[in-house]
Amino acid sequence: MALDAARTQEGFTSDRAATVMAAACRAAGLDATGAELIRLGENALFRLAPVPVIVRVARGEEWLPKARTEVAVSRWLAEEGFPAARIVEDLEQPFLIDGHPVTFWHLIVEGDRKATYGELGGILRDLHSLTLPAGLVLPSFDPFDKQQLRLDRAVISDDDKAFLQKRWHELRGKYGELRFETPKGPVHGDAHVQNLMVDEQGRVILIDFEAFCYDHPEWDLMVTAVEHHSLGWQTDEQYADFVAAYGRDLYDWHGYETLRGIQEFGMTTWLMQNVQEDAETEAEYRRRIAGLRNDDAPRDWRPW
């Protein structure tokens, strides 16, 4: 279906995503009746009722290269036997529906527990040890690739936009001064513990390959390091398990503070996209941007 620019500019809401999801299902020959929205973040995720399939709807056509990367990475990890989410293989993916890339994934039936931080460290260690096949070309990690789009489309005050734009330029300057000493390799790009699932057989499975890239492993380690050292979202024991499993604490690296700023900025602008959804989301966005305005203030941010 062709891009409908006017509709896309209306904003990516749960209702809009549901309309796109239903059209994608019709194109794929699947039944969308009773589909359930299970998450609205960078993508909208729907669980289909008649078949064990998850539908991912991206925010706009600009995300099409990332959707293509997701499909390619899933196929590669399947060949490697790596525990990761699998696309529905008998469909030509991604679909482009009314300007929104859409992909279809096999449902992972969760067991009775969540993944641990030690398991996250182990999964990342194993992932970073893999060698990319010659035919798989991945982008470098770009922590700023979505930020301008987010700011342009955000339903926030002009004052907030001006502040975030200024912070964005400051972080880009600090990023340009970073010097990495580690070799490049496969990087997940959004490596938090919520991107692990434990299935009914107890297998820990890596999901969400939208930010997958070829770059330095620090980009994967920064997420949990910032969540612990800056936000206090893990206990000391949980973080120690993560460090022990992976073999490194990013907090000891000279570039940690720069990565902390980049991570917190991304977490804020990610949530900013959905401030129109409900009062709770807007309130959390207010907490986060208040923290960005005062680097030394305690972070009372909530996991989202």
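Treat the numbers as computed from the prediction; the structure is a model and nothing was measured.

How each quantity is defined
Residues numbered from 1 in each chain as written. Predicted model: local features only at pLDDT ≥ 70, side-chain atom pairs only at ≥ 80, totals over all residues. Heavy atoms only, no water. Helix = DSSP H or I, 4+ residues; strand = E, 2+ residues; numbered from the N terminus. Rg over C-alpha atoms; globule rule 2.2 N^0.38 Å. Buried < 20%, exposed > 50% of the residue type's maximum accessible area, 1.4 Å probe, protein only. Contact = heavy atoms within 4.5 Å. Areas by Shrake-Rupley, 256 points an atom, 1.4 Å probe, with all protein chains shown as cover. Lys, Arg positive; Asp, Glu negative; His and termini not counted. Charge placed at Lys NZ, Arg CZ, Asp CG, Glu CD. Pairing = 2+ DSSP bridges. Axes fitted to C-alpha atoms, helices over the stretch in contact; angles between N-to-C directions. Salt bridge = Lys/Arg side-chain N within 4 Å of Asp/Glu carboxyl O. 1 Å grid on protein atoms, 1.4 Å probe; cavity = no way out; pocket = protein on both sides within 12 Å on 5 of 7 lines; lining within 4 Å. Points joined across faces, edges and corners; volume = space filled by probe spheres on them. Nonpolar A, V, L, I, M, F, W, Y, C, P; charged D, E, K, R; others polar. pLDDT = per-residue confidence, 0-100. Core = buried A, V, L, I, M, F, W, Y, C linked by side-chain atoms within 4.5 Å. Parallel < 35°, antiparallel > 145°, perpendicular 65-115°, else oblique. Left-handed = near helix turned anticlockwise from the far one by under 90°.

Trainee: What should I look at first to understand the overall build of the chain in this one?
Mentor: Of regular secondary structure, the chain possesses ten helices and nine strands. Radius of gyration (C-alpha) of the chain: 19 Å, near the 19 Å computed for a compact globule of 304 residues. Viewed in the frame of its principal axes, the chain has a C-alpha envelope of about 50 × 45 × 40 Å. In the chain, which comprises 304 residues, the share counted as buried stands at 54%. Once local pairs closer than 6 in sequence are excluded, the contacts in the chain between residues at least 24 apart make up 70%. Surface accessibility of the chain: about 14,100 Å² in total, with carbon and sulfur atoms responsible for 49%. Side chains of the chain carry 33 positive and 52 negative charges; the gap between the two charge centres is 3 Å.

Trainee: How should the sheet that holds strand β3 (residues 53-58) be read in this particular structure?
Mentor: Backbone-to-backbone hydrogen bonds join strands into a sheet, with any given pair of strands oriented parallel or antiparallel. The sheet built from five strands is open, its strands ordered β1-β2-β3-β5-β4 with antiparallel pairing. The open sheet has two edge strands, β1 (36-40) and β4 (95-97), and neither has a second partner. Across the sheet, the mean angle from the axis of one strand to that of its neighbour is 30°, orientation sign disregarded. Bridge count for β1 against strand β2 (residues 43-47) is four bridges, and the pairing is antiparallel. The partner of Glu36 across the bridge, within β2, is Arg47. Sheet contacts for helix α3 (residues 64-80): β3 and β5 (100-106); angle to β5, the most-contacted strand, approximately 20°.

Trainee: I'm lost on the pattern of salt bridges in this one. Help?
Mentor: Pairs can form between side chains of opposite charge once their charged atoms are near each other. Under the counting rule described, the total for this entry stands at 25 salt bridges. For the salt bridge of Glu42 with Arg150, the shortest nitrogen-to-oxygen distance reads 2.3 Å. With Glu42 in the loop between β1 and β2 and Arg150 in helix α5 (residues 147-153), this residue pair connects regions lying 108 residues apart in the sequence. On the accessibility criterion, Glu42 (8% relative accessible area) is buried. Residue Arg150 is classed as buried on the basis of its relative accessible area, which comes to 8%. In this structure, the salt-bridge partner of Arg153 is Glu62, at a minimum N-O distance of 2.7 Å. Taken together, the residues Arg153 in helix α5 and Glu62 in the loop between β3 and α3 connect sequence positions 91 residues apart. Accessibility expressed as a relative area gives 38% for Arg153, which makes it partly exposed. Connected through shared salt-bridge partners, Lys166, Arg167, Glu170, Glu257, Arg260, Glu264, Asp295 and Arg299 make up one network.

Trainee: I keep staring at empty space enclosed by the protein and nothing clicks. Help me out?
Mentor: Gaps left between atoms are located by rolling a probe of water-molecule size over the structure's atoms. Tallying each qualifying case throughout the model produces one cavity of 30 Å³ or more. Looking at the largest cavity, its volume works out to about 50 Å³. For the largest cavity, the full set of lining residues is Asn43, Arg56, Ala58, Trp63, Ala67, Glu70, Pro101, Val102, Thr103 and Glu210. It is β5 that provides the largest number of residues to the lining of the largest cavity, a total of three residues. A class-by-class count of the residues in the lining of the largest cavity yields five nonpolar, two polar and three charged.

Trainee: Would you mind showing me how to read the confidence of the model for the chain here?
Mentor: Do not read the predicted coordinates in detail wherever pLDDT is low. Taken as a whole, the chain shows an average pLDDT of 93; of its residues, 97% reach a score of 70 or greater. Ignoring residues within four places in sequence, the model shows residues 1-9, a span with pLDDT below 50, making 17 contacts including any to other chains.

Trainee: Please explain unusual backbone geometry as it appears in this structure.
Mentor: Outside of glycine, negative phi angles account for most residues, and trans bonds account for most peptide bonds. Residue Pro94 is bonded to the preceding Gln93 through a cis peptide linkage, with omega at -5°. Mapped onto the secondary structure, Pro94 falls in the loop between α3 and β4. A positive phi is found at Asp98, a non-glycine position, where the angle reads about 50°. Relative to the elements of secondary structure, Asp98 occurs in the loop between β4 and β5. A positive phi angle, close to 65°, is found at Asp208, a residue other than glycine. Along the polypeptide, Asp208 turns up in the loop between β8 (204-206) and β9 (213-215).

Trainee: Please clarify how the nonpolar core should be interpreted in this entry.
Mentor: Within soluble globular proteins, side chains that are nonpolar tend to cluster in buried spots. In this structure, Leu77, Leu164 and Phe209 are the most contacted members of the largest nonpolar core, which totals 72 residues. Top element by residues in this core is helix α9 (residues 256-272). It accounts for eight residues. Apart from residues no more than four positions distant in its own chain, Leu164 is found in contact with Leu151, Ile156, Phe265, Met272, Tyr285, Ile289 and Leu292. Counting 22 residues, the second largest nonpolar core, distinct from the first, contains Leu48, Val57, Val88 and Ile97.

Trainee: What is the right way to read the packing of helix α4 (residues 117-128) against helix α8 (residues 236-246) from this model?
Mentor: The N-to-C vectors of α4 and α8 enclose an angle of 25°; their axes lie 7 Å apart at closest approach. In this view, α4 runs roughly parallel relative to α8, as classed from their interaxial angle. Handedness of the crossing formed by α4 with α8: right-handed. Contact residues: α4 offers Tyr117, Gly118, Leu120, Gly121, Gly122, Leu124, Arg125 and His128, while α8 offers Gln238, Asp241, Phe242, Ala245 and Tyr246. Residue classes in the contact of α4 with α8 are distributed as six nonpolar, five polar and two charged.

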